[in-house]
Amino acid sequence: MESLVDTMIEDDRWGAFGLPALADRAARGVLAELGMPGQGFEISLLGCDDARIATLNADFRGKPQPTNVLSWPTEERGAEEDGGSPDPVEPGDAEMPEELGDIAIAWETCTREAEEQGKPVADHVTHLIVHGVLHLLGYDHVRERDAALMESTETRILVKMGIANPYE
């Protein structure tokens, strides 16, 4: 089976961690939960460090500090109504998959947060990738009911993957 996530490793710690396989599993979990096929889509993921994500955060969000994960959907897919489901995305084909967007994830912030929260790093990173993929698919947490929908969707996906509810 061809990988759903095209992973670029800038920080070697991500390569040793096994980010490509973890990211593919997380993305497939999202698609399965949403009733979408596990093929016909493409996601780009950058495994970087805090310095790189701080630059990206400054460039795209005007916040010059590191964060755990950033995402850039290829197009706006969010629901107009607060708490509504985002617009469905149709898959492409093997030669021309539908590009969902890009995600960047930072090593130091992710590992520090996992340690502070007493969670396995793999579980925390899986949660953050699920979170990022949901953003690519139009989910958001700015409005109250949108946030509730995103959180409940994340939790269902993670529980099905054997990961505890991160919000408890």
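Residues numbered from 1 in each chain as written. Predicted model: local features only at pLDDT ≥ 70, side-chain atom pairs only at ≥ 80, totals over all residues. Heavy atoms only, no water.

Student: Help me understand the packing of helix α2 (residues 19-33) against helix α5 (residues 121-136), please; the structure alone is not making it clear to me.
Tutor: Viewed as axis vectors pointing N to C, α2 and α5 meet at an angle of 50 degrees, and their least axial separation amounts to 9 Å. Taken together, α2 and α5 sit at an angle that is classed as oblique. Crossing of α2 against α5: the hand is right-handed. Facing α2, whose interface residues are Leu 19, Leu 22, Ala 23, Ala 26, Ala 27 and Val 30, α5 presents Ala 122, Val 125, Thr 126, Ile 129, Val 130, Val 133 and Leu 134. Looking at side-chain class alone, the contact of α2 with α5 contains 12 nonpolar, 1 polar and no charged residues. (Axes fitted to C-alpha atoms, helices over the stretch in contact; angles between N-to-C directions. Helix = DSSP H or I, 4+ residues; strand = E, 2+ residues; numbered from the N terminus. Parallel < 35°, antiparallel > 145°, perpendicular 65-115°, else oblique. Left-handed = near helix turned anticlockwise from the far one by under 90°. Contact = heavy atoms within 4.5 Å. Nonpolar A, V, L, I, M, F, W, Y, C, P; charged D, E, K, R; others polar.)

Student: Which parts of the structure should I look at to understand the pattern of salt bridges?
Tutor: Close approach of charged atoms allows side chains with opposite charge to pair. Under the counting rule described, the total for this entry stands at 11 salt bridges. Taking the shortest distance from any N to any O, the salt bridge between Glu 98 and Arg 77 comes out at 3.7 Å. With Glu 98 in strand β4 (residues 98-106) and Arg 77 in the loop between β3 (69-73) and β4, this residue pair connects regions lying 21 residues apart in the sequence. Since its relative accessible area comes to 26%, Glu 98 is described here as partly exposed. Across the pair Arg 143 and Asp 146 runs a salt bridge, and its minimum N-O distance is 2.6 Å. Under the relative-accessibility criterion, Arg 143 is labelled partly exposed at 30%. Each member of the salt-bridge network shares a partner with another, and the members are Asp 11, Arg 13 and Glu 108. (Salt bridge = Lys/Arg side-chain N within 4 Å of Asp/Glu carboxyl O. Buried < 20%, exposed > 50% of the residue type's maximum accessible area, 1.4 Å probe, protein only.)

Student: Honestly, the pairing of strand β2 (residues 41-48) in this entry has me stumped. Any pointers?
Tutor: Consecutive residues of a regular strand have side chains that alternate between opposite faces of the sheet. In terms of burial, β2 is a largely internal element, 6 of the 8 residues being buried. As paired elements, strand β1 (residues 5-9) and β2 share 5 bridges and run parallel to each other. Bridge pairing in β2 places Val 5 opposite Ile 43. With 8 bridges joining them, β2 and β4 adopt parallel strand pairing. Residue pairing in the sheet places Leu 45 in a bridge with Ile 103 of β4. (Pairing = 2+ DSSP bridges.)

Student: Please explain the nonpolar core as it appears in this structure.
Tutor: Generally speaking, nonpolar side chains in soluble globular proteins are found buried as a group. Counting residues in each nonpolar core, the largest one holds 35 residues, and the members touching the most others are Ile 43, Leu 45, Ile 105, Val 125, Ile 129, Val 133 and Leu 137. Counting only elements with at least two residues in this core, the list comes to α2, β2, β4, α4 (107-117), α5 and α6 (144-160). Dropping the residues within four chain positions of it, Ile 43 is found in contact with Leu 4, Val 5, Asp 6, Ala 27, Leu 100, Gly 101, Ile 103, Val 133 and Leu 136. Of all hydrophobic cores here, the second largest spans 7 residues; its members include Ile 53, Leu 56, Leu 70 and Ala 104. (Core = buried A, V, L, I, M, F, W, Y, C linked by side-chain atoms within 4.5 Å.)

Fair warning: the whole summary comes from geometry, so function is off the table for now.
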